[in-house]
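Structural features, examined
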Number of protein chains: 2
Amino acid sequence: MAQKPSIPKGTRDFPPEVMLRREFILDTIRSVYKKYGYQPIETPAMENLSVLTGKYGDEGDRLIFKILNSGDFLKKAQHLDDAQKLAPEIAEKALRYDLTVPFARFVVMNQNEINFPFKRYQIQAVWRGDRPQKGRYREFFQCDADVVGSDSLIFEAEFISIYDEALSKLGLKDFSIRISNRKILNGYAEAVGQSEKFQDICTAIDKLDKVGESGVKKELLERELPEAAADQLLQMITFAGSNDEKLAYLEKLFEKSESGKKGIAEMREVFAFHKQMESFRGTIDFDLTLARGLTYYTGTIYEVVTNEVQMGSICGGGRYDNLTGVFGKPGLSGVGISFGVDRIYDVLMELNLFDERVMDGIQVMLINFGGESLMTSLKVLSSLRQAGISSEIYPDEAKLKKQFTYANRKNAAFTLAIGDDELSTGKYQLKDMISGEQQALSLEEILARLKE
Amino acid sequence: MAQKPSIPKGTRDFPPEVMLRREFILDTIRSVYKKYGYQPIETPAMENLSVLTGKYGDEGDRLIFKILNSGDFLKKAQHLDDAQKLAPEIAEKALRYDLTVPFARFVVMNQNEINFPFKRYQIQAVWRGDRPQKGRYREFFQCDADVVGSDSLIFEAEFISIYDEALSKLGLKDFSIRISNRKILNGYAEAVGQSEKFQDICTAIDKLDKVGESGVKKELLERELPEAAADQLLQMITFAGSNDEKLAYLEKLFEKSESGKKGIAEMREVFAFHKQMESFRGTIDFDLTLARGLTYYTGTIYEVVTNEVQMGSICGGGRYDNLTGVFGKPGLSGVGISFGVDRIYDVLMELNLFDERVMDGIQVMLINFGGESLMTSLKVLSSLRQAGISSEIYPDEAKLKKQFTYANRKNAAFTLAIGDDELSTGKYQLKDMISGEQQALSLEEILARLKE
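Residues numbered from 1 in each chain as written. Chains lettered and ligands numbered in written order. Predicted model: local features only at pLDDT ≥ 70, side-chain atom pairs only at ≥ 80, totals over all residues. Heavy atoms only, no water.

Another aspect to go through is the interface of chain A and chain B. The partner chain B presents 106 residues to the 106 residues of chain A that form the contact. Summed over the shared surface of chain A and chain B, the number is eight salt bridges. Asp13(A) serves as the salt-bridge partner of Arg105(B), at 2.9 Å between the closest nitrogen and oxygen. Joining chain A to chain B, the criterion identifies 31 residue pairs in polar contact (both at pLDDT 80 or more). Of the residues forming the side of chain A that touches chain B, the biggest block, eight residues, is contributed by helix α14 (residues 371-386) of chain A. Its residues assigned to classes, the side of chain A that touches chain B shows 56 nonpolar, 24 polar and 26 charged. (Contact = heavy atoms within 4.5 Å. Salt bridge = Lys/Arg side-chain N within 4 Å of Asp/Glu carboxyl O. Polar contact = N/O pair within 3.5 Å; in protein donor to acceptor, adjacent residues only side chain to side chain. Helix = DSSP H or I, 4+ residues; strand = E, 2+ residues; numbered from the N terminus. Nonpolar A, V, L, I, M, F, W, Y, C, P; charged D, E, K, R; others polar.)

Here you go:
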């Protein structure tokens, strides 16, 4: 009996029209990464479970997809009554959960061959067992660039340009590149005399977008910050002004915070480097409320939002001081960014920014009249392809209406008809599928016209 | 304690130099597929296990990687003492084993949106729990093109051209595109009066390359073919001659075999279509010994071998009459081909065919002298990038030797030095890293030179 097929929850098929749009996004970002000197790597979909476990917190560990061992996987099983204990006994491998941990593993395993500082980009799928919901998938794509082995802040400035150039090339007109530094968050904590509450402060501030100022204050109080400190903190992070005014404002507040001063010095250096670089369409906002949830960031942090559509952040990134330490290579500093491909796709759809170029179809579809006409058509088809022109012939001598419907759905720019009349004259009917205009042309004229 | 990282057996990391070569292969094939009117799709890495089970034989079923259900996977477990029965109870999803079954599922699920005949290509990883060995991996890549919904033999002729063009563009000079038809194998069986032994005959002939004629005869006898029939069969398949001579020879033998005659007629039609098309470097060999192991082929079958290196077939393909029947949509005929990317990679490496273009590095690396020079360098760097020139700056004011070593390892075509002297003259030192030649040029002159 025939089986009604389905795909797993939270996964997607990508049909051609979606593929073409996705390729446009990825090709655009990839070409910018390459231009800035980043090189591609890929890692396997499967990692040893031990490489992934413990890197993403308890919640992350639960969401990792584990792969059942081949053959008699029960041989080594001890805990047949406890799924959590049994899992690592019957599943030694797991699916990649992000690109950062596999990259760290790659760097450690290939450290003798790598040309440091290593600028790599990586565009691959990752898998997470999250509950699927709108815009959240169990298979999705990350598009990362990182450099490891240098603490130069030139990279920080360069990443601003990469965001700016790639998003502008994708067609976005109004977006903000938000930047801050974890050391400035340290500065806040020290300035309000609560340096031991650093992580609580980060977590609370990170929720500002969702819960507002009163919500952050509530959270800070729950985390046992004195009310005076909480109020002072909120006053700091809501200071309004230009990037330079914010730096001057914080400089006074951080007089006694070494970490805060370091953060300000780093921000100034990044801005000074970036000032030498061409700007595109994005604004660069020193965002005093930026915190970023991930605990491993230690320096610069980034987040990009579009102001044209209501949507969370479309890019993120930051500097981390010890990416590879867990795999036995301490002291390598790195900084990296990531484009949220799925969200960017949704933004470009909503703004209608996938223009016709993206959806380019076939250039020419030849009509099939069968018989001798078909043989000449195949010869012409081969000549078009030799000339680099994407083209095809309808495979059967079907009714013209059917053949034209196919051509339209394939976004053919032209159709070419070689009927009996055309066989004798050597002039073929080239029809522009947009304007409807039709011309009788020789093969040479057609090639000249289409290669324009 | 730090963990010594490793990757699963049979999987690979791809560092930049390997990625660039692989991208060259995939981009070349992709561009040919596109030019012939094929459109990309992608399907998820995870499929429901039930979609895959039973499609690849018992051995295949064992080699499918299964994914442990999330959460308390033991809830539904009944057979805690039998791995084979337990697996489907605790693993509902599995990793893609090939691209053909997911494509069939895709066609059935999207049949109302698809523009038939549907010409699609798909380049994705697949996973198999085979024992890893030289040239055989647990994660490898398939690069398929198929058309479904037409029985026109124009596609058969077109696929010959696709093999021919793509492999020629990859740099191969001497390769054979072997073609035959499953109906001709039917013809053999009927001509020797053993039509019920069709599958045995296919299986035995398929081993000719490995076991030779005597081995095939032995296998046929073991499969209970009469010796006279076996001898007659061997005589047929070893007939030597041109493609036309072979067709004429078989035509006589197949006088009483409808299927054999149909096979010959199809071969003639494919050759007639292909004769209209431009040829590249490959030869087209009607191969009487070609059988192809896969049982689902019903018409044309292909195999491509290189004659420059000892290596198995580097491409395969064929026509199948009922790809989607198992998912409830019978009667769709299809034909498809596949490039063996890993083997092609090995062949091109052995023949030294990845030329310098493939390994193109960065165009310019700017030397970092720090201070004011650095600021001007960043400005120049930004101008180079604006002009589309891939470029980077060494991130620290390191020793020149270190900076040049980095540039060399990045395959930089040029280095650009802007020291104190150059700051005052506005002429920067552009050094050709191959010839060693150095010139003092203005930014405009540099841009003109590099955009040549």
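Now that the structure has been shown, we can carry on.
We now examine the pattern of salt bridges. All names here are of chain A. Taken as a whole, this structure holds 63 salt bridges over all chains when the rule is applied. Across the salt bridge formed by Arg178 and Asp209, the nearest N and O atoms sit 3.8 Å from each other. Placement of Arg178 in strand β7 (residues 175-181) and of Asp209 in helix α9 (residues 208-222) is noted, with a sequence separation of 31 residues between them. Residue classification places Asp209 among the exposed residues on the basis of a relative accessible area of 65%. One salt bridge in this structure joins Asp200 and Arg223, with 2.6 Å as the shortest N-O distance. (Buried < 20%, exposed > 50% of the residue type's maximum accessible area, 1.4 Å probe, protein only.)

When chain A is fitted to chain B, the best match, at an RMSD of 0.0 Å, comes from turning it 180 degrees and sliding it 0.0 Å along the axis. When the rotation and shift are considered jointly, the pair of chain copies conforms to a two-fold rotation axis. Using C-alpha coordinates, one finds that chain A approaches the rotation axis most closely at Ile67(A), a distance of 2.2 Å. With an isologous cut-off of 70% or more, the 100% of interface residues of chain A that recur at the interface of chain B puts this contact in the isologous class. (Least-squares fit on C-alpha atoms with pLDDT ≥ 70 in both.)

Bringing the sheet that holds strand β14 (residues 414-417) of chain B into the picture now. All names here are of chain B. One open sheet accounts for five strands, arranged β13-β12-β14-β15-β16; its pairing is mixed. A single partner strand is all that each edge strand has here, and the edge strands are β13 (391-393) and β16 (438-441). The average undirected angle you get between the axes of adjacent strands in this sheet is 25 degrees. Where β14 lies against strand β15 (residues 428-432), four bridges are found, and the strand directions are antiparallel. When the sheet's bridge partners are listed, Leu416 is paired in β15 with Leu430. Of the strands in this sheet, β12 (364-366), β13, β14 and β15 are in contact with helix α14 (residues 371-386), which crosses β13 at around 165 degrees. (Pairing = 2+ DSSP bridges. Axes fitted to C-alpha atoms, helices over the stretch in contact; angles between N-to-C directions.)

Residues and elements named next belong to chain B. Side chains of strand β8 (residues 283-286) alternate between two faces, with Ile284 and Phe286 buried and Thr283 and Asp285 left unburied. Two strands pair when backbone bridges link them, and strand β7 (residues 175-181) and β8 are joined in this way by four bridges, in the parallel orientation. Within the sheet, the bridge partner assigned to Ile179 lies in β8 and is Phe286.

Time to look at the domain arrangement of chain A. Each assigned domain of chain A is listed with its residue range as follows: domain 1 (16-350) and domain 2 (361-451). One C-alpha centre belongs to domain 1 of chain A, the other to domain 2 of chain A; they are set 51 Å apart. (Domains from an automatic or database assignment.)

Residues and elements named next belong to chain B. Burial analysis of helix α7 (residues 182-191) places seven of its 10 residues in the buried class, the great majority of the element. Those residues of α7 lying buried are Arg182, Lys183, Ile184, Leu185, Gly187, Tyr188 and Ala189. At the N-terminal boundary of α7, the capping side chain belongs to Asn181, with an oxygen 2.8 Å from the backbone nitrogen of Lys183. Looking one or two residues beyond α7, the residue adopting positive phi is Gly193, at roughly 70 degrees.

Moving on, we get to the nonpolar core. Tyr188(A), Phe339(A), Tyr188(B) and Phe339(B) are the most contacted members of the largest nonpolar core, which totals 261 residues. Sequence-distant contacts of Phe339(A), that is, excluding residues within four places in its chain, are made with Ile29(A), Tyr33(A), Cys143(A), Ile162(A), Tyr163(A), Ala166(A), Leu167(A), Ile314(A), Cys315(A) and Ile344(A). (Core = buried A, V, L, I, M, F, W, Y, C linked by side-chain atoms within 4.5 Å.)

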